[in-house]
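Listed below, chain by chain, are the residues.
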Amino acid sequence: MSYAPEQTVSDAMTDFLSSAPSLSEIVAYRLPSELQQRAHLLLDKNREGSLSDIERVEMEEFRQVDHFMTLIKAKARLKLKDQL
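Attention in this report is confined to the structure presented alongside it. Computed from a prediction, not measured in an experiment: that's the story for all the values here.

**So, the overall build of the protein chain**
The helix and strand inventory of the protein chain stands at four helices and zero strands. Computed over the C-alpha atoms, the radius of gyration of the protein chain is 15 Å, more than 25% above the 12 Å expected from 2.2 N^0.38 for a compact globule of 84 residues. Taking the principal axes of its C-alpha atoms as reference, the protein chain extends roughly 50 × 25 × 15 Å. Taking all 84 residues of the protein chain together, the buried fraction comes to 25%. Charged side chains in the protein chain number 11 positive and 14 negative. The centres of these two groups are separated by 9 Å.

Structure, rendered in structure tokens:
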């Protein structure tokens, strides 16, 4: 049986970014707990070698969003540092 979260990781990120967060809010941002738990489950299944093809695609989406948010947070930290 396949799991489909109510909100995808891309939905969560774009909803957050479209809310016009402050630089501090960007730096502090974390995925909702349901999505964090889903990411950990996918990582565990990947370690066990038991990911389905659909789960592999979902895990890749998590990886891409994480990379993008890492870049955004780094730039936000630099801007905050420049403001001091």
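Moving on, there is more to tell.
**Considerations on unusual backbone geometry**
Even without a glycine there, the phi angle at alanine 20 is positive, about 55°. As for its placement among the helices and strands, alanine 20 is situated in the loop between helix 1 (9-17) and helix 2 (23-28). Classification of alanine 20 by relative accessible area gives exposed; the value is 64%.

Parameters and conventions
- Residues numbered from 1 in each chain as written.
- Predicted model: local features only at pLDDT ≥ 70, side-chain atom pairs only at ≥ 80, totals over all residues.
- Heavy atoms only, no water.
- Helix = DSSP H or I, 4+ residues; strand = E, 2+ residues; numbered from the N terminus.
- Rg over C-alpha atoms; globule rule 2.2 N^0.38 Å.
- Buried < 20%, exposed > 50% of the residue type's maximum accessible area, 1.4 Å probe, protein only.
- Lys, Arg positive; Asp, Glu negative; His and termini not counted.
- Charge placed at Lys NZ, Arg CZ, Asp CG, Glu CD.

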